[in-house]
Structures are given as C-alpha cells and as structure tokens.
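Read off the chains here:
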Amino acid sequence: MERTLGLMAGAGILPGRAAVEARRRGWRVAAFAFEDAPGLAEAADVFIPSTITDIQAVLVGLAAHRALAAVFVGKFWKSSAFSKYDQTDAAGLGLAQGGLSDAALSQMVVATLAGMSIEVLDQRDFLAPWILPAGTLGARAPVAAEWDEIREGFRLAGRLAADGVGQTVVRA
C-alpha cells in the first residue's frame, strides 16, 4: 500500500524541498498549498490550492487521498487567518475553539488530524538535507562564557515562546 503524506504548505521554498525529500523517502505527496510555495507543484504528486477559510475542503482532501501522516512546512501568516476569520468555515472555526494562540491552534490541529488517524510528523525529518548538523560552525568552539550566553538565550527563547511572544531573541 502506498503511503500518502499530506503536506500543509505555507509560503517559501521549504515546502517544495520537503516534498522532494518525502518522495525520495517513498511517500506519495498530496500538497495543500495555502501560500505561494515555489517548486511545490512540480515536486508533489498531487497539488491542491487551499485556503485558510475552507478547512473542511482540506480535511476532505486528506481523507480522499488517504493520508496517513501530515507535515506543516513553510510560513503560515497568522495575520491572514485573523483577517479572514469572519469568512472561515465551521471546520476552521472549530480549530479556534481552544483559543487563537499558536499553542492552542496547534493542539486543535493535531487533535483533529489524530481523530482522522493522521499522524503529524516533524518537518525536520523532511528538511534534513538542508539542516546543518550539530557541531562548531565557526573557526573555533564557543568558550565557557559564550556557552553561558547561548544557554541563557535558549532559556529566554523558550520562555518567550511559552508566552507566545515573537520568534526572535536578541540579548545584549
């Protein structure tokens, strides 16, 4: 039986790259494109233009293509969802029941897909060829004081993420 991956595509080139890698790994890729994703149509087995206002069509499409798993790749603009909230179908509004924070929306999406027996996979598995391996990137490894700053930056980033604040941390 052929395995189908539902690739939920936001903006950018990463969805096309993830589709290439998924196919290399033996997946049949049904790509649901919510934003402009250059190269995705050519890389996917099936390309389905999608909108944030018609989530029911996406769920029906996942079922029709018998997706066993899904992966979210690319930039999804939260402002797009908010600006079209009043146009969203019942399925989309259902995803917002738990709130509009990233965490609440993510939990509802994962729960909805799990209810369809669709596992949400880690996108890093499909982007591995373009992710640098662990290790020193510069000419030298960080010294102890620099590691302290790095660890503090990660702690601060985790705290900000937990509070739903931004995606970038700069600490002086």
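Residues numbered from 1 in each chain as written. Predicted model: local features only at pLDDT ≥ 70, side-chain atom pairs only at ≥ 80, totals over all residues. Heavy atoms only, no water.

### Remarks on the nonpolar core
Ranked by internal contacts, the top residues of the largest apolar core, which has 19 residues, are Leu5, Leu7, Val29, Leu40 and Phe126. Among all residues touching leucine 5, those that are not within four sequence positions of it are Ala22, Trp27, Arg28, Val29, Ala30, Ala69, Ala70, Val71, Leu121 and Phe126. (Core = buried A, V, L, I, M, F, W, Y, C linked by side-chain atoms within 4.5 Å. Buried < 20%, exposed > 50% of the residue type's maximum accessible area, 1.4 Å probe, protein only. Contact = heavy atoms within 4.5 Å.)

### Remarks on the sheet that holds strand β4 (residues 67–73)
A sheet is described by the order of its strands in space; here five strands give the open sequence β3-β2-β1-β4-β5, paired in parallel fashion. Whereas interior strands pair on both sides, the edge strands pair on one side only; in this sheet they are β3 (46–49) and β5 (119–120). Both strand β2 (residues 28–33) and β3 contribute to a ladder of four bridges, which runs parallel. Each bridged residue has a counterpart across the sheet, and for alanine 30 the counterpart in β3 is valine 46. Each of β1 (4–9), β2 and β4 touches helix α1 (residues 14–24); the most contacted strand, β1, lies at about 170° to it. (Pairing = 2+ DSSP bridges. Helix = DSSP H or I, 4+ residues; strand = E, 2+ residues; numbered from the N terminus. Axes fitted to C-alpha atoms, helices over the stretch in contact; angles between N-to-C directions.)

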